[in-house]
Amino acid sequence: TTIVNAMPFSSLADPWLGFGGSEPRQPEWMDTVVWEMHTVNGLFDDLREAQSDAPMPHEAAAMINTWLDAHGVGTRHIPLAGSGVGHYDSQILRDCMPTVRDRCTYYTYDIGVCRRLARLAGRPWPVDDFDKNHRALDDIYLHLAEARQFMSNLQWGWPPEMPR
């Protein structure tokens, strides 16, 4: 399911987002790297196609909260995963889905921090560089594989025992 953040614009065709007209343009507020990345990986094309079927943020929040409750999350706070999610998506959750954001921790899980620390220390990293397409589910699978390999090399095993 695609969730379209409809605030502060009413649709993806709104000029504020830059998807109006036949040729999308980069909105002034959007970072050039982010614009180019999601233009190349097809995210903006998918958003334009999905805009009429996408749930509103409050509907998406209700679906997410129902799913979390059904899977026993209860009142535990859950971490977001990834630096981009922690930085960018957390702001969207705060502004548009506060009931979901309230269930999240302030910190994130981010294997990228470990990767960058290893490089800073001049240490080899256990996973070869991979070509990320920067689409959520693909990135999740790649980062999980990277974390498994990292944990395996530390002889900690995977998955770790999770407290309930």
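Before reading further, recall that the structure is shown in the block above.
Just so you know, these numbers come straight off a predicted model, no measurement behind them.

What to know about the packing of aromatic side chains
In step 1: Counted according to the given criterion, the structure contains three aromatic pairs.
In step 2: When the centroid spacing of 5.3 Å and the interplanar angle of 85° are considered together, the rings of Y106 and Y107 count as edge-to-face.
In step 3: Each residue in the set Y106, Y107 and Y109 is aromatic and connected to the rest through ring pairs, giving one cluster.

Some thoughts on helix α6 (residues 111-120)
One turn of the α-helix equals 3.6 residues, which is why residues spaced by three or four share an orientation.
In step 1: Of the positions making up α6, those classed as buried are I111, G112, R115 and A118. Mapping the buried residues of α6 onto a view down its axis gives an arc of 125°, with all of them on the same face. Projecting away from the buried face of α6 at angles above 90 degrees are the exposed residues L117 and L120.
In step 2: Regarding α6, its N-cap is D110, as a side-chain oxygen of that residue lies 2.9 Å from the backbone nitrogen of G112 further along.
In step 3: Just downstream of α6, G122 is the residue with a positive phi angle, here 70°.

What counts and what doesn't
Residues numbered from 1 in each chain as written. Predicted model: local features only at pLDDT ≥ 70, side-chain atom pairs only at ≥ 80, totals over all residues. Heavy atoms only, no water. Phe/Tyr/Trp six-rings, centres within 6.5 Å; stacked < 30°, edge-to-face > 60°. Buried < 20%, exposed > 50% of the residue type's maximum accessible area, 1.4 Å probe, protein only. Helix = DSSP H or I, 4+ residues; strand = E, 2+ residues; numbered from the N terminus. Arc of directions from axis to C-beta. Polar contact = N/O pair within 3.5 Å; in protein donor to acceptor, adjacent residues only side chain to side chain.

In short, shape yes, function no, at least from these values alone.
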